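# Coordinates in review
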Amino acid sequence: MGNLTASCSVTNNSKRNVRVFVTDKSLEMDAFIASQSGGNDKITAVLPGGKKFIFRKEVKHVRVLASQTQPVPLESNPINASHFVSVFVEDEEDENICSKQIMHNMPLSGAATLLLYDSRSHDCCRTVEALFPPGGRLCFYVSYALCLCLGLLCLLFVSYWSSHWRGGFSWDGSALQFNWHPVLMVSGLVVLYGNVAVVYRVPFTWKQEKHIWKVVHAGLMLLALLLSVLGLCAVFDFHRVFHISDMYSVHSWVGICTVVMFTLQWVLGLAGFLLPCSPPWFRSTLKPVHIWMGKAILILSVTSCISGINEELLFSLDGVGGKPYSSLPAEAKFANSLGLLIVAFGLVVFGILSKDKWRRPETDGTEVFM
């Protein structure tokens with residue numbers, strides 16, 4: 001692994017011994033166990049769920065006995081500065097067997113201290129306290145603050161555009177009803193969706209049980225989906241009253257595909273991650289698909305909104321009632337700026353989602369304190 005330096009320490013305040021493993025990349029649980037145990041022939045069963053796996057003694061690890069503190073070597077090579085720490089409880093009868101997952105894929109970019117405690121109801125470590133370097137938190141919070149600010153600007157710009165230049169809002173089948181369409185789609189499909197997508201990355205959410213934030217994540221995503229559906233109702237109802245054809249433009253095709261994909265994503269997420277009857281193999285199979293679909297929906301949402309802004313300007317600024325779009329009047333400049341804000345928001349959200357070391361560590365009923 002290159003030059004090693006003890007820049008991370010683990011204090012085990014529990015009553016059970018633990019094994020600490022460090023990898024130089026994020027690994028799914030099955031891949032991690034295979035890399036530590038030497039193959040499926042050495043695996044007794046796959047964690048989590050109280051099952052066990054046998055690890056090879058030659059695998060680099062640190063054994064931290066109960067009530068002791070041990071340094072954990074991290075690679076000092078600056079080319080590969082990221083590390084992912086996994087912690088497992090030893091089996092009480094055989095120290096070469098891991099019987100419980102405490103933490104998996106905790107991202108570390110520098111010195112850290114992990115404090116392990118007993119839970120109140122189980123005789124094993126459950127609580128992990130990670131004190132990360134201030135620089136890592138600062139970089140995330142700057143990006144997150146930029147995400148919030150850009151999202152707020154998107155909402156203000158689309159609302160002002162629809163009220164100031166397009167005449168305001170109504171739900172009576174008139175042209176004013178159409179103005180709800182861009183506001184609702186930008187609000188639900190872009191701003192709310194993007195912010196909810198990164199909620200797991202916010203460190204203070206690691207202080208609570210993950211299940212709570214799963215419910216929050218699912219509930220806010222459902223709200224974003226409902227706003228998007230309401231936005232579609234606004235435009236379809238407007239088309240019906242004015243006898244305008246539906247689903248003829250690239251914008252409408254991309255938009256519908258986005259909402260359909262969003263709906264499928266939400267239903268699969270509910271079935272895979274919230275329903276207690278969901279089997280572990282389904283969750284592990286669904287997780288990478290869920291992550292990929294989340295990023296794809298974000299890209300499609302930004303694409304559909306940008307194409308929708310351009311389509312609305314082409315229809316509205318036709319040169320009959322005022323200056324044409326090609327002359328770049330004030331409304332065109334303002335709406336184009338809205339488009340740039342949406343793109344910038346999408347890029348910031350995508351950047352946050354792409355940072356592996358900002359991912360919430362995969363824990364088994366743990367609480368993680370920053």
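Everything discussed here concerns the structure shown above.
What comes next concerns the included structure. (Residues numbered from 1 in each chain as written. Predicted model: local features only at pLDDT ≥ 70, side-chain atom pairs only at ≥ 80, totals over all residues. Heavy atoms only, no water.)

### Observations concerning helix 5 (residues 210–241)
When the terminal C-alpha atoms of helix 5 are compared, their 47 Å separation across 32 residues agrees well with the 46 Å that a helix rising 1.5 Å per residue should span. One or two residues past the end of helix 5 sits His 243, with phi positive at roughly 55°. (Helix = DSSP H or I, 4+ residues; strand = E, 2+ residues; numbered from the N terminus. Expected span 1.5 Å × (residues − 1).)

### A short note on the layout of surface pockets
Computed from the structure, the second largest pocket encloses a volume of approximately 670 Å³. Taken together, 35 residues form the lining of the second largest pocket, with Phe 178, His 181, Val 235, His 251 and Glu 311 sitting closest to its centre. With eight residues, the single largest contributor to the lining of the second largest pocket is helix 7 (residues 280–316). Taken together, the residues that form the lining of the second largest pocket break down as 21 nonpolar, 10 polar and four charged. (1 Å grid on protein atoms, 1.4 Å probe; cavity = no way out; pocket = protein on both sides within 12 Å on 5 of 7 lines; lining within 4 Å. Points joined across faces, edges and corners; volume = space filled by probe spheres on them. Nonpolar A, V, L, I, M, F, W, Y, C, P; charged D, E, K, R; others polar.)

### Digging into the packing of helix 6 (residues 250–274) against helix 7
The contact between helix 6 and helix 7 brings their axes to 8 Å, and the two run at 155°. On the basis of the axis angle, helix 6 is roughly antiparallel to helix 7. Once helix 6 is placed against helix 7, the crossing between them reads as left-handed. Considered class by class, the residues forming the contact of helix 6 with helix 7 number 14 nonpolar, 13 polar and three charged. (Axes fitted to C-alpha atoms, helices over the stretch in contact; angles between N-to-C directions. Parallel < 35°, antiparallel > 145°, perpendicular 65-115°, else oblique. Left-handed = near helix turned anticlockwise from the far one by under 90°.)

### Concerning the packing of aromatic side chains
Under the counting rule described, the total for this entry stands at 12 aromatic pairs. Ring geometry for Phe 178 versus Phe 238: centroids 5.4 Å apart, planes at 50°, classification tilted. Here Phe 178, found in helix 3 (residues 175–178), pairs with Phe 238, found in helix 5; they are 60 residues apart in sequence, far enough to count as distant. Across this residue pair, the class does not change: Phe 178 and Phe 238 are buried. (Phe/Tyr/Trp six-rings, centres within 6.5 Å; stacked < 30°, edge-to-face > 60°. Buried < 20%, exposed > 50% of the residue type's maximum accessible area, 1.4 Å probe, protein only.)

### Comments concerning the pattern of salt bridges
Taken as a whole, this structure holds four salt bridges when the rule is applied. The salt bridge partner of Arg 19 is Glu 90, with a shortest N-O separation of 2.7 Å. You can see Arg 19 sitting in strand 2 (residues 18–23) and its partner Glu 90 sitting in strand 6 (residues 83–90), a full 71 residues away along the chain. Each of the two residues, Arg 19 as well as Glu 90, counts as buried. Ionic pairing is found between Arg 166 and Glu 331, a salt bridge with its closest N-O pair at 2.9 Å. Highlighted residues: Arg 166 in the loop between helix 2 (134–165) and helix 3 and Glu 331 in helix 8 (residues 330–354), separated in sequence by 165 residues. If you follow the salt bridges from partner to partner, you end up with Arg 19, Arg 63 and Glu 90 in one network. (Salt bridge = Lys/Arg side-chain N within 4 Å of Asp/Glu carboxyl O.)

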